Amino acid sequence: MEPINIVKSVITPLDRKNVDTDQIISKEFLKRIERTGFGQYLFYHWRFDAEGNAIKDFVLNKPEFKDSKILVAQDNFGCGSSREHAPWAILDYGFNVVIAPSFADIFHNNCFKNGILPIQLTEAECDEILAKGLAKPYSLEVSLEAQTVTGEDGAVYKFSIDPYYKETLLNGLDEIALTFKYEEQIATYEANRIAF
């Protein structure tokens, strides 16, 4: 995983509640065996019509949000099935941070395990950020170290994060990389183990 600390970007304001994982990445695109290549299918049925033409008024299709790294949404983001493809699609599309008032538990954990920072702010704070982002392109700077989200207008929002997940994201460590930190101790244990 790539380490995350400072992420500065215009936001993509997705003003929707209860965005489920099938909307994030629809089931017909789950045939790939790699973790990459899913970004092109992110929110596919919202981004494209039945003929595959871009729906111009959908937020991801607007040029002012191109290359955005911060997605802001409403309550209960990532609900539905537990498919890990959902955070893969979000990350592959280019988002490093997702901000919402609440997340489905499994999706929330999958974000951390795949190098995405899910930030929970209050509903009022998310409404405020979304309103600014829908009125005109609005940039935020996220600092994981300081646990702050700072708007281009000086507004500051603080967030909490489990210290374990903070360390893994700051250092770009997934669960396998964490295991390798103890490689020497594991090798010593294995060398001293009696085989039967």
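Here the structure is shown first, and the text comes after it.
Quick caveat, the model's predicted, so the values are computed rather than measured.

## A few points about the environment of Thr 122
Consideration 1: With respect to the helices and strands, the residue Thr 122 is situated in the loop between strand 4 (117-120) and helix 5 (123-135).
Consideration 2: As a C-alpha pair, Thr 122 and Asp 153 span 31 residues in sequence and 19 Å in three-dimensional space.

## Considering the environment of Gly 115
Consideration 1: In this fold, Gly 115 is placed in the loop between helix 4 (105-113) and strand 4.
Consideration 2: Given a relative accessible area of 6%, Gly 115 falls into the buried group.
Consideration 3: Linking Gly 115 and Pro 137, residues 22 residues apart in sequence, is a C-alpha distance of 25 Å.
Consideration 4: Setting aside residues no more than four positions away along its own chain, Gly 115 makes contact with Met 1, Ile 4, Leu 91, Asn 96 and Leu 169.

## A word on the side chain of Ser 26
Consideration 1: Among the secondary structure elements, Ser 26 is positioned in the loop between helix 1 (21-24) and helix 2 (44-47).
Consideration 2: Filtering out sequence-adjacent residues up to four positions away, Ser 26 remains in contact with His 45 and Arg 83.

## Remarks on the packing of aromatic side chains
Consideration 1: Taken as a whole, this structure holds 14 aromatic pairs when the rule is applied.
Consideration 2: Measuring from centroid to centroid gives 5.4 Å for Phe 77 and Phe 107, while their planes differ by 70°, and the two rings are edge-to-face. Residue Phe 77 is located in the loop between strand 2 (70-72) and helix 3 (85-93), and its partner Phe 107 is located in helix 4; the two are separated by 30 residues in the primary sequence. Of the two residues, Phe 77 and Phe 107, both sit in the buried class.
Consideration 3: Ring centres of Tyr 164 and Tyr 165 lie 5.2 Å apart, and the angle between their planes is 65°; this geometry places the pair in the edge-to-face category.
Consideration 4: On the accessibility criterion, Tyr 164 (37% relative accessible area) is partly exposed.
Consideration 5: Residue class for Tyr 165 comes out buried when judged on its relative accessible area of 18%.
Consideration 6: Site record: aromatic cluster; members linked through ring pairs are Phe 29, Tyr 41, Tyr 44 and Phe 48.
Consideration 7: Above the face of the Trp 46 ring, Arg 16 is positioned so that its terminal group lies 4.0 Å from the ring centre.

## Some thoughts on the packing of helix 3 against helix 4
The angle between the axes and the distance between the axes are what describe a pair of packed helices.
Consideration 1: The interhelical angle for the contact between helix 3 and helix 4, taken along N-to-C directions, is 50°, at an axis separation of 9 Å. By the angle between their axes, helix 3 is oblique relative to helix 4. In the packing of helix 3 onto helix 4, the handedness of the crossing is right-handed. Contacts from Ala 86, Pro 87 and Ile 90 of helix 3 reach helix 4 at Phe 107, Asn 110 and Cys 111.

Conventions used here
- Residues numbered from 1 in each chain as written.
- Predicted model: local features only at pLDDT ≥ 70, side-chain atom pairs only at ≥ 80, totals over all residues.
- Heavy atoms only, no water.
- Helix = DSSP H or I, 4+ residues; strand = E, 2+ residues; numbered from the N terminus.
- Buried < 20%, exposed > 50% of the residue type's maximum accessible area, 1.4 Å probe, protein only.
- Contact = heavy atoms within 4.5 Å.
- Phe/Tyr/Trp six-rings, centres within 6.5 Å; stacked < 30°, edge-to-face > 60°.
- Lys NZ or Arg CZ within 6 Å of the ring centre and 35° of its normal.
- Axes fitted to C-alpha atoms, helices over the stretch in contact; angles between N-to-C directions.
- Parallel < 35°, antiparallel > 145°, perpendicular 65-115°, else oblique.
- Left-handed = near helix turned anticlockwise from the far one by under 90°.

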